[in-house]
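Descriptive structure summary
One-letter residues, chain by chain:
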Protein chains: 2
Amino acid sequence: MKLSTRARYGTKALLELSLHWGKGPVLLKDIAQRQQIPLPYLEHLIRPLVKAGIIKSARGTRGGISLLKSPKEVILSEVIQLLEGSIAPVACVDNPELYPRSDICVTHDIWVEVKKAMDRVLESTTFEDLVLRQKQKWNLKQLRDRQK
Amino acid sequence: MKLSTRARYGTKALLELSLHWGKGPVLLKDIAQRQQIPLPYLEHLIRPLVKAGIIKSARGTRGGISLLKSPKEVILSEVIQLLEGSIAPVACVDNPELYPRSDICVTHDIWVEVKKAMDRVLESTTFEDLVLRQKQKWNLKQLRDRQK
DNA sequence: ATATTTGTTGACCATTTTAGTCAACAAAAA
DNA sequence: TTTTTGTTGACTAAAATGGTCAACAAATAT
């Protein structure tokens, strides 16, 4: 039940972009370095995000990638779906019609509930939320560091 | 983020045992056939459940496996943990101490929330619940079938 | 122009995980 | 002592994961 690195790296990249929102494009190279992601791998990861219209990319000297939407409009569940595919714990949750017995299968119902519980968290989280949380964390850390 | 077959098969096997609770041991062969699980695979799957004291096994002519606890006392989250390991979507949720940056990492916090949401479902579900749901489903199905 | 800096694409690959299989064995009961 | 079951450990095929690499394309700077 682990999330793939695709989803983890991808959300981190989008968080970087969200923190940089409104300040022009960010270099893939820089994201890769700051988030410890192999650059050639990151190049592949962002592709579905470009396709989905969440980010755009530009080549050349002042290129890089940047958010197309406001962080407020980028929902975590959507991003995970793009990078990871469905988070349903079992395939029959997504298309019960393929699994003839799922209508009398009680474990099926439980996995539906688990997925809904995950969705409630992921659908209620935007990248604006993550940005706000991040800034709070940094403030707290500064306070802690000054105490020493 | 898919559950492994271990967890799926294992919970199905335990559901079979729960439905049979109080009526003596069930043959692995029968569980394997009813739930479409390869017998030699099932033999391996049940081992952690025996070790954990949830079921016991007996060899020989009137052997098989049977529940040691009442279905009411067997919690789904515990079973999943035994068969699948932690359901935490990322490893740093389980031991943040190994990941130095998790205290300032906001994605970490989200994964914690996702895990908690899953746990709320899995920890509140016992195999008695599953048995009751199963019997309700069967009743409904009978009613539906009579309508035809 | 052309050199440099970026992103794009597709093919490739090593490692790990998953989902089993198989054979030899052990114990209980008929 | 034969039959019926579960036990154990070694083994394996296939798929998924997590990348890498090379050739290319487009923007910008000179």
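Given the structure is predicted, the values throughout are model-derived calculations rather than measurements.

Turning to the confidence of the model for chain A, a few remarks are in order. This prediction gives chain A a mean pLDDT of 97; 100% of its residues lie at or above 70. Here the prediction assigns the complex a pTM of 0.96, and the interface score ipTM is 0.95.

A few words now on unusual backbone geometry. Residue and element names in this part refer to chain A. Positive phi, normally seen in glycine, also occurs at Q36, with a value near 60°. Assignment of secondary structure puts Q36 in the loop between helix 2 (28-35) and helix 3 (39-45). For Q36, a count of 9 C-beta atoms within 10 Å puts it in the exposed group.

Below, the discussion takes up the protein's contact with DNA strand D. Taken together, 25 residues form the shell around DNA strand D, and within it S4(A), P38(A), G60(A), L28(B) and S57(B) come nearest. Put simply, the parts of the chain that give the surface near DNA strand D at least two residues each are helix 1 (5-19) and helix 3 of chain A together with helix 2 (28-35), helix 3 (39-45), helix 4 (47-51) and strand 2 (64-67) of chain B. If one sorts the elements of the surface near DNA strand D by residue count, helix 3 of chain A sits on top with three residues.

It is worth spelling out helix 1 (residues 5-19) of chain B at this point. Residue and element names in this part refer to chain B. The end-to-end C-alpha distance of helix 1, which contains 15 residues, comes to 21 Å, matching closely the 21 Å that a straight helix rising 1.5 Å per residue would cover. Burial analysis of helix 1 places 11 of its 15 residues in the buried class, which makes it a mostly covered element. Among the residues of helix 1, A7, R8, Y9, G10, T11, K12, A13, L14, L15, L17 and S18 are the ones counted as buried.

What counts, and at which threshold
Residues numbered from 1 in each chain as written. Chains lettered and ligands numbered in written order. Predicted model: local features only at pLDDT ≥ 70, side-chain atom pairs only at ≥ 80, totals over all residues. pLDDT = per-residue confidence, 0-100. Helix = DSSP H or I, 4+ residues; strand = E, 2+ residues; numbered from the N terminus. Buried ≥ 20, exposed ≤ 12 C-beta atoms within 10 Å, placed from the backbone. Near = placed C-beta within 6 Å. Expected span 1.5 Å × (residues − 1).

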